[in-house]
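# Remarks on the overall topology
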Amino acid sequence: MMTKRVERAVIALAAALLVVLFGFSPKSAWAAGDDQAAARIGDTTYETVQAAINSVEPGPSATIVLLDNVDEGQMKFVKQGVDITIDLAGHTYTADAGEAVHINAADVTLTLKNGTIKNSTASGYSDGLYAYQASNNLNLTLDGVTLSSRTQTLAVQGLTSNSNVTIRNSALSSEEELGIYYPPKSGTLTIEDSTITGTTGIVLKGSALVVKGDTTIHGTGENKVPDDYYTGTIGGAGFNDTGDAVYVESGYNDRPIVVDIQGGTFTSDKAFAVRFFQKEGEQTTYERTIEISGGTFSSDVSEFLTDDVTLVGNGGNYNVVELPDVAEVNGDKYKSFAKAVAAAQPGQTVTLLANASTDPLTIDKGITLDLGGHTLSLTGTGNKDEVGLFLTSGSSTIKNGTIYDGRGAVRTFSIIVNGRDTALTTQDLTLTVLVPEDPADNYPLRAQNGAALTLNSGTTINEDNDNDTRQGYTYGVTVYGNSTEHAVDPATATTLVVNDGVTVSSGAFAVSGNAGGSYENTVMTINGGTLESTMGAAIYHPHYGRLVVNGGVIQGLAGIEMRAGELEIAGGLIKGGDGEFTYVPNGGGSTSDNIALAVMQHTTKLPIKIDISGGTFEATEAFAQMNVQKNEQEAVGKIDLSIAGGEFKGGIYSENFKDADDKGFVSGGSFSDRAVEDYLAPDAAVAVNGGETPYDIFPSTDEALENGGAHTVVDR
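Just so it is clear, the structure is predicted and the values come from calculations on it, not from any experiment. (Residues numbered from 1 in each chain as written. Predicted model: local features only at pLDDT ≥ 70, side-chain atom pairs only at ≥ 80, totals over all residues. Heavy atoms only, no water.)

## Here's the deal with the packing of aromatic side chains
Quick note on the threshold: Stacked, tilted and edge-to-face are the three classes applied to pairs of Phe, Tyr and Trp rings, where Trp contributes its six-membered ring and a pair requires centres within 6.5 Å; stacked means planes under 30 degrees apart, edge-to-face means over 60, and tilted covers the rest. Numbering of helices and strands starts at the N terminus; helices are DSSP runs of H or I of at least 4 residues and strands are runs of E of at least 2. Note on criteria: charge over ring means Lys NZ or Arg CZ within 6 Å of the ring centre, with the direction from the centre no more than 35 degrees off the ring normal.
Within the structure shown, the criterion is met by 15 aromatic pairs. Considering the side-chain rings of tyrosine 480 and tyrosine 519, the 4.6 Å spacing of their centres and the 45° angle between planes classify their relative orientation as tilted. Residue tyrosine 480 is located in strand β44 (residues 477-480), and its partner tyrosine 519 is located in the loop between β47 (511-512) and β48 (522-526); the two are separated by 39 residues in the primary sequence. Here the aromatic cluster, defined as three or more aromatic residues joined through ring pairs, consists of Phe413, Tyr443, Tyr473, Tyr475, Phe509 and Tyr540. Sitting over the ring of tyrosine 443, arginine 446 keeps its end group 5.1 Å from the ring centre. Above the ring of tyrosine 480, the side-chain terminus of arginine 446 is found at 3.8 Å from the ring centroid.

## So, the environment of glutamine 278
For the record, the criterion: For the exposure calls, accessible area comes from a 1.4 Å probe over protein chains only, and a residue counts as buried if that area is under 20% of its type's maximum, exposed if over 50%, partly exposed in between. What makes two residues a contact is simply this: any of their non-hydrogen atoms within 4.5 Å.
By the secondary structure assignment, glutamine 278 is in the loop between β24 (274-277) and β25 (288-292). On the basis of relative accessibility, which here comes to 29%, the residue glutamine 278 falls in the partly exposed class. For the pair glutamine 278 and glutamate 249, spaced 29 residues apart in the sequence, the C-alpha separation amounts to 6.4 Å. Look past the residues within four positions of glutamine 278 in its chain and what remains in contact with it is Tyr229, Ser250, Thr284 and Arg288.

## Digging into unusual backbone geometry
Trans peptide bonds make up the majority, and among non-glycine residues the majority have a negative phi. The backbone of asparagine 114 sits at a positive phi, close to 60°, despite the residue not being glycine. Along the chain, asparagine 114 falls in strand β9 (residues 109-119). In this structure, aspartate 385 takes a positive phi of about 70° despite not being glycine. With respect to the helices and strands, aspartate 385 occurs in the loop between β35 (375-378) and β36 (387-391). The exposure class assigned to aspartate 385 is partly exposed, which follows from its relative accessible area of 39%.

## Some points on the confidence of the model for the protein chain
So the rule is basically this: Confidence per residue, as judged by the predictor, is encoded in pLDDT with a range of 0 to 100.
Residues of the protein chain with pLDDT of at least 70 account for 92%, and the chain-wide mean is 92. Note that pLDDT drops below 50 for residues 1-34; the model gives that stretch 62 contacts with residues more than four away or on any other chain.

## Considerations on empty space enclosed by the protein
Filter applied, for reference: Every definition here rests on a 1 Å grid over the protein atoms only: cavities are sets of points where a 1.4 Å probe fits but cannot get out, pockets are open sets enclosed by protein on both sides within 12 Å along at least five of seven lines, and lining residues have some atom within 4 Å of a point. Grid points are joined across faces, edges and corners, and a volume is the space filled by probe spheres set on the points. Residues are sorted three ways: Asp, Glu, Lys and Arg are charged, Ala, Val, Leu, Ile, Met, Phe, Trp, Tyr, Cys and Pro are nonpolar, and all the rest, Gly among them, are polar.
Counting across every chain of the model gives 3 cavities of 30 Å³ or more. The volume enclosed by the largest cavity comes to roughly 50 Å³. Lining the largest cavity we find Ile53, Asn54, Lys76, Phe77, Val78, Lys79, Val82 and Ile84. At the level of elements, α2 (49-55) and β5 (75-77) are the ones that each hand at least two residues to the lining of the largest cavity. Partitioning the lining of the largest cavity into residue classes produces 5 nonpolar, 1 polar and 2 charged.

## Re the layout of surface pockets
Its boundaries defined by the atoms lining it, the second largest pocket holds a volume of some 380 Å³. Elements with a minimum of two residues in the lining of the second largest pocket: α3 (337-343) and β32 (356-358). A breakdown of the residues in the lining of the second largest pocket according to their chemical character gives 7 nonpolar, 6 polar and 3 charged.

## A few points about the sheet that holds strand β15 (residues 180-182)
Strand-to-strand pairing in sheets goes through backbone hydrogen bonds, with the strands running parallel or antiparallel. Which entries qualify depends on this criterion: Here, strands pair whenever DSSP counts at least two bridges between them. Where helices are involved, their axes are fitted lines through C-alpha atoms of the stretch in contact, as for all axes, and angles between N-to-C directions lie from 0 to 180°.
Read across the sheet, 8 strands follow the order β5-β8-β10-β12-β15-β18-β21-β24 without closing on themselves; strand pairing throughout is parallel. With partners counted over all chains shown, the strands left at the sheet margins are β5 and β24, one partner each. Strand after strand, the sheet turns through a mean of 10° between neighbouring axes, direction not considered. Here β5 pairs with strand β8 (residues 99-103) via 3 bridges, running parallel. Across the sheet, residue lysine 76 finds its bridge partner in β8, namely histidine 102.

## Quick word on the pattern of salt bridges
When their charged atoms lie close together, side chains carrying opposite charge are able to pair. Worth spelling out the cut-off: Within this document, salt bridges are pairs made up of a side-chain nitrogen of Lys or Arg and a carboxyl oxygen of Asp or Glu, the two lying within 4 Å of each other.
Tallied over the entire structure, the rule returns 20 salt bridges. Note that lysine 335 and aspartate 325 form a salt bridge whose closest N and O atoms lie 3.2 Å from each other. A residue pair is termed long-range when its members are at least 10 positions apart, and lysine 335 in the loop between β30 (332-334) and α3 and aspartate 325 in the loop between β28 (318-322) and β29 (327-329) qualify at 10 residues. Looking at aspartate 325, the relative accessible area reads 31%, which means it is partly exposed.

So this is what it looks like as structure tokens:
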């Protein structure tokens, strides 16, 4: 592989001096008769093409028209600032030199058009066109040209800047080497409606490449897998001739690489249609971007597609096709959900027109996502802590459709609502999350740092375990505050409201907080709906916050486990399992199974306040308070229990609060377990009907006598 231009540069300089000083090319020319001119500029004719080139001075543009087929050594452009058009006029220019077209001057504007240029040199270099190191600010155009060579067909030296090449309606081909080598520090190579053929079609190491129209780029060489960069150093290895149609190589970290393939056909006999080589761990200051928005390819180029196209086909024939419009904002349609969201202004609605997908996306404004009955799929790398939709500002609504998170990765988040100025309301939304393959967790929906989350009718949050082939689980809705004050401030709290018609179903907790030191100050209000867990508590509350239950169905192995904070229950069904009531100390999770309401102070020893005025509690153990962590009495003294109503179907037990110690806390309600007598508040009385249940509790003996009906009042 011949790639070095050092010795050639010396020879070229000597030849250029001869041309400039004496006005002739280093090889005589002929054209059909010794006295026949080879070219003209206007009405002035020249014996050789080179003589015509040498006559042009910097400044005004000049057009040189070939008058016949010509054999010359080469065309040399060594004057700075010239603007020349070579109109081949349908003729053939045959060179016998290192390159047919030699450029080595700055600020050259050169157009080659309407004919054929070929290099017939049998040995050494036999390039088509080479722009040397001095060729800064080059504007080169090939229009309607056939350019052929034995070695590389067109190349620009890598130390040049602002080297711009346009190839239009042309055909470039090399017999033995690559078609185009383009590494400059800056500039753009544009190829339109042309054919490029070489062992590697194009090697790009810098600047920008744009390919469009009916272009064909073909690599004919062997598939050579690169393992190091070509550095351009004297005596080093040649550039990587990989056999690809387009080979893009990093390594020059003082220049960008931007590839924009809009259309064309890209084929390789033995390698890839498009290949990008960048060493693992390489740090680059400048961008490395390859985007494909159209074309046909002999290998899979999915990794380079823009987000408004897709790849169709296989087995060596891949077509890039435009995606349909998937979203609309204010009458404007978009092929990408992410672009639609980016275009939406605060308060506007993004409406899905078809099923769509999105990689992780931040939404920093309040908008409405109307899914229009379609499915939005969340995609991404599946890295730990990756967030599908991250809402950071404004009041947003998601409604009327399905969000499916199919990443199935450990500790990923489908939706996070973050910050005090951020709110999300859901309506008629199904959020389904694929659980991890192994026993591990991920998170459908989180509110944190003072955000507000409201789940309205028709909202369903559930998990997909792929027909029981996966062992992971989800934490349905997690609510994290941002305080350490052991207090509730509704004005700054992270809030959750669950209304009628909502279903949250999870393997782990349906709703939960976190006992970590900085996640306090939450307010969760359950007005209705169904919250269910298949493996634990439906609601797990380990931190200092407030939980208010006004209605709904809350069911799991445990209904609710309170380990810190405030609980108010006025209604609803809280239901645990019907197996043996069990409990174990746990410094990092829940403790109890087969219980409706468990009050189990955490190792954090924070206050707990329980106020029950209604609701139904159903499980093997309907209610239990236990010092499961064996905290000292000072910590247990921070627990405040009050049951003034509700129906309790199951056992009742308190380890630390009994009426015998003047710590009774039950002043009302209906109980199936007569052990409730051990926990009566002062002056409260039980009304019983023989040995039958339920046992009704009243605040006083008089009220029991007045309201007990056929029951017998048992005084304390």
